[in-house]
Amino acid sequence: MTAPDAQAEEKRRRFEETALPFLRAIHGVAWRLTHDAEEARDLVQETYLRAYRTFEGFRAGTNCKAWLLTILYSIFVNRYRKKRRQPRTISIEELERQFPSQVESAGPMDRLSDRLWSDREVEEALAALPEDFRSAVLLVDVGELSYEEAAAALACPVGTVRSRLFRARKALFVSLQDYARRAGYRAPTRTP
Amino acid sequence: MNDVRNHLDVEIQDLLDGRLNAAELRRVELHLADCERCRAVRDALGRVRRSVRGLPPAAGLDVLKREIVERLEGEPPRIRRLRRFGVAALLAAAAILAVVLLLASRRKDLPAAAASDFDQYTSRAFSLELATGHPELLEGYFSQRGVKFPTRVFDLSMMGYRLIGGRVHRLAGRTSALFVYRGPNDRTLLCEMFEGLASELPAGAERRVHNGIPFFLYRRSGRTEVFWPEGRILCVLVSDMNAEEVVQLAFAKAVKP
């Protein structure tokens, strides 16, 4: 093996060790951004290839997952967002308005149990969020980035991430309670 | 639920996400101990948070991982492979080739270098030195930083492109004034100006002429690059947006020297 071959091999080995452990999180975000299995695969592959080509610019010891998600979001915004079929999104303001009454009407068991919402319902409620809000939830809750890392990926202030996340979670709660109600769930009668 | 005190708001989320300091945490916990309404909000938001975080991974990750590894193995190494010459022969060949490579690199590297700059910027491999939306401030910055040629930072706001900022950069071994715009749907548009001639551009460009100005269009790997000369300066716009949009922006902003 020649010296350049050995160097390339070493770079690839270091990259795979550093970046591939985050594939699950990266794909989880990609899939929920695109809502298309093929586009998500392409987006993830493109993210890893671009990261590999600029791996020299990655500082060891910093958050590799945040770096990968920043690249992924940048590619998504520049390449996939425009051609993607826009899913129907909900009015976040309307759902926020319903949040206080929905919380009040939910019984204690309802609030503490996670069994009333299926994964499919959570996915559907996420998909219906406007993209800016969904991106904040995906980066923080699926990608498990800090607010600061998510803000860097989204190129917006930290306060914006915090606000979008708060509003998105309230909207998700209302949407998911609606699903549960339509499925026949009734909140337990509250004791005085 | 008829509590009329000042309820907590986004602090409840800060609690769930572990973003409160000790004093804030104590204050929030004291409030929660006495406020049923805020406890209900905490439980509701906490349940949403757990539900999203607990979503299962999509199927097929093993296949995807294998595909990524295969594509990485297909990536050419950046360092050129050396032939098995002896050291003396290698040095002699290097000396002869040095001048040729120097000249050739100036011809063939410009589109590849500009595309690489775009990729590196969008993957945050480098950052902008001055964040500003004011073209005149950026032009002043380039001048202060010793850029020896006049720069012309475009105002593209009428076309929906907001100037983000810029940096003094190196493009294929020469000083470049690099600046970036954010367009509709958060699309990135990168512009560089540097000393050079259109004759240095490699073959393979689609050539167009608009208002008497020649434009050289390269489309590679989903990116569009449009070069044009302004006297001794070469300008280039790079983006992965629709190619014609990039071309029209170049047409709109190019001037005859």
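Higher on the page you've got the structure.
Attention here is on the structure that accompanies the text. (Residues numbered from 1 in each chain as written. Chains lettered and ligands numbered in written order. Predicted model: local features only at pLDDT ≥ 70, side-chain atom pairs only at ≥ 80, totals over all residues. Heavy atoms only, no water.)

Some thoughts on the overall build of chain A
Stage number 1. Along the backbone of chain A there are 10 helices and zero strands.
Stage number 2. Along chain A, from the amino end to the carboxyl end, the secondary structure elements read α-α-α-α-α-α-α-α-α-α.
Stage number 3. Counting only residues that meet the buried cut, chain A has 56% of its 192 residues in that class.
Stage number 4. In chain A, of all internal contacts separated by at least 6 residues, the share reaching a separation of at least 24 is 76%.
Stage number 5. With the model as given, the accessible surface of chain A reaches about 8,600 Å², and the carbon-plus-sulfur share is 51%. (Helix = DSSP H or I, 4+ residues; strand = E, 2+ residues; numbered from the N terminus. Buried < 20%, exposed > 50% of the residue type's maximum accessible area, 1.4 Å probe, protein only. Contact = heavy atoms within 4.5 Å. Areas by Shrake-Rupley, 256 points an atom, 1.4 Å probe, with all protein chains shown as cover.)

Digging into the sheet that holds strand 5 (residues 206-210) of chain B
Residue and element names in this part refer to chain B.
Stage number 1. Taken in spatial order, the eight strands line up as 1-2-3-4-8-7-6-5 in an open sheet, and their pairing is antiparallel. Of all the strands in the sheet, the pair left with one neighbour each is strand 1 (130-131) and strand 5.
Stage number 2. As defined by bridge partners, strand 1 adjoins strand 2 (residues 162-171) across two bridges and the pair is classed as antiparallel. Counted as the bridge partner of Leu130 is Gly166 from strand 2.
Stage number 3. In the packing of helix 6 (residues 135-144) onto the sheet, contacts are made with strand 1, strand 2 and strand 3 (174-182), and the angle to strand 2 comes to roughly 15 degrees. (Pairing = 2+ DSSP bridges. Axes fitted to C-alpha atoms, helices over the stretch in contact; angles between N-to-C directions.)

Quick notes on the layout of surface pockets
Stage number 1. In this model, the second largest pocket occupies a volume close to 400 Å³.
Stage number 2. Lining of the second largest pocket is provided by 17 residues; of these, Arg59, Trp67, Thr70 and Ala152 of chain A together with Arg124 of chain B occupy positions nearest its centre.
Stage number 3. Of all the elements in the fold, those that place two or more residues in the lining of the second largest pocket are helix 4 (64-80) and helix 9 (147-154) of chain A.
Stage number 4. In terms of residue class, the lining of the second largest pocket is made up of nine nonpolar, four polar and four charged. (1 Å grid on protein atoms, 1.4 Å probe; cavity = no way out; pocket = protein on both sides within 12 Å on 5 of 7 lines; lining within 4 Å. Points joined across faces, edges and corners; volume = space filled by probe spheres on them. Nonpolar A, V, L, I, M, F, W, Y, C, P; charged D, E, K, R; others polar.)

Quick look at empty space enclosed by the protein
Residues and elements named next belong to chain A.
Stage number 1. Evaluated as defined, the whole model comprises one cavity of 30 Å³ or more.
Stage number 2. In this model, the largest cavity occupies a volume close to 120 Å³.
Stage number 3. Counting residues per element, the lining of the largest cavity draws most heavily on helix 4, at four residues.

Some thoughts on the pattern of salt bridges
Stage number 1. Inspection of the entire model under this criterion finds 30 salt bridges over all chains.
Stage number 2. Between Lys11 of chain A and Glu56 of chain A there is a salt bridge, with the nearest N and O atoms lying 3.3 Å from each other. A residue pair is termed long-range when its members are at least 10 positions apart, and Lys11 of chain A in helix 1 (residues 3-19) and Glu56 of chain A in the loop between helix 3 (37-53) and helix 4 qualify at 45 residues.
Stage number 3. One salt bridge connects Asp119 of chain B with Arg223 of chain B, and the closest N-O pair in it is separated by 2.7 Å. Note that Asp119 of chain B is positioned in helix 5 (residues 87-122) and Arg223 of chain B in strand 7 (residues 223-230), a separation of 104 residues in sequence.
Stage number 4. One network of salt bridges, in which partners are shared, links Asp141 and Arg169 of chain A together with Asp17, Arg49 and Arg53 of chain B. (Salt bridge = Lys/Arg side-chain N within 4 Å of Asp/Glu carboxyl O.)

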